[in-house]
Amino acid sequence: AAEAQQPAAAAAALPKAAREELKAAFAAFDRDGDGTIDLAELRDALSSLGASEGDAEATLASLDTDGSGGIDFDEFCAAASPLYASSAVALRAAFDFFDADGSGDIDRQELRTILDRLGGSTRKNHDRSETERAVDQVFAAADADADGRVSFPEFISIFTEVFA
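Residues numbered from 1 in each chain as written. Predicted model: local features only at pLDDT ≥ 70, side-chain atom pairs only at ≥ 80, totals over all residues. Heavy atoms only, no water.

1. Notes on the pattern of salt bridges
Logical step 1: Enumeration over the complete set of coordinates arrives at eight salt bridges.
Logical step 2: With a shortest N-O distance of 3.2 Å, aspartate 96 and arginine 92 are connected by a salt bridge. Pair noted here: aspartate 96 and arginine 92 are both in helix H5 (residues 73-98), with a separation of four residues, about one helical turn.
Logical step 3: The partly exposed category is assigned to aspartate 96, whose relative accessible area is 37%.
Logical step 4: Residue glutamate 132 is joined to arginine 112 by a salt bridge in which the shortest nitrogen-to-oxygen separation is 2.5 Å. (Salt bridge = Lys/Arg side-chain N within 4 Å of Asp/Glu carboxyl O. Helix = DSSP H or I, 4+ residues; strand = E, 2+ residues; numbered from the N terminus. Buried < 20%, exposed > 50% of the residue type's maximum accessible area, 1.4 Å probe, protein only.)

2. Details of the nonpolar core
Logical step 1: Grouped together as the largest cluster of nonpolar side chains are 15 residues, with contacts concentrated most on Leu22, Ile37, Leu42, Ile71, Phe76 and Cys77.
Logical step 2: Mapped onto this core, the elements with two or more residues apiece are helix H2 (16-29), helix H3 (39-48), helix H4 (53-63) and H5.
Logical step 3: Considering every element that reaches this core, the biggest residue donor is H5, with four residues.
Logical step 4: When sequence neighbours within four positions are dropped, the list of residues in contact with isoleucine 71 reads Phe26, Gly35, Thr36, Ile37, Leu42, Leu60, Leu63 and Phe76. (Core = buried A, V, L, I, M, F, W, Y, C linked by side-chain atoms within 4.5 Å. Contact = heavy atoms within 4.5 Å.)

3. Some remarks on the environment of threonine 59
Logical step 1: Within the element layout of this structure, threonine 59 appears in helix H4.
Logical step 2: Taking the C-alpha atoms as reference points, threonine 59 and arginine 43, 16 residues apart in sequence, are found 9.5 Å from one another.
Logical step 3: When residues no more than four places from it in sequence are discounted, the contact partners of threonine 59 are Leu42 and Leu46.

4. So, the packing of H3 against H4
Logical step 1: Here H3 crosses H4 at 125 degrees, and the two axes come no closer than 9 Å. By the angle between their directions, the pair H3 and H4 is classed as oblique. In terms of crossing hand, the pair formed by H3 and H4 is right-handed. Contacts between H3 and H4 involve Leu39, Leu42, Arg43 and Leu46 from the former and Glu53, Asp55, Ala56, Glu57, Thr59 and Leu60 from the latter. (Axes fitted to C-alpha atoms, helices over the stretch in contact; angles between N-to-C directions. Parallel < 35°, antiparallel > 145°, perpendicular 65-115°, else oblique. Left-handed = near helix turned anticlockwise from the far one by under 90°.)

Put into structure tokens, the structure is as follows:
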């Protein structure tokens, strides 16, 4: 029973947008709509991706943590959650790159400095007003509480909105 709780916890820990994406993917694999991806459905899905027939059996054995003979939505989420975790790690690394002073927020000067480093000031005839416009656009989109700083949750929300 403890093993069966682990997939449920993994599913619950995913952001809402991720769960919605995974629901759509799960529904595509669960062709009969019974709430479980059985061996035949998994075989069809994996063969369409170029996997061998034996891959379906091995995949089912590794993902079916409750031994039901099929993959339920929680088990499906548990298998996919590392993909989302690595994305969160990458976003944190990007945020930390912009947050040069380590304050936990990106201020306008930090963003301006990074934009200049990323090519603005190295271009011939660089117009500083281009950088200022870019800073203004980023802050208009990301600084939800209008405090003049972009927090990590605000930074994440940019990507959630863009890729949702």
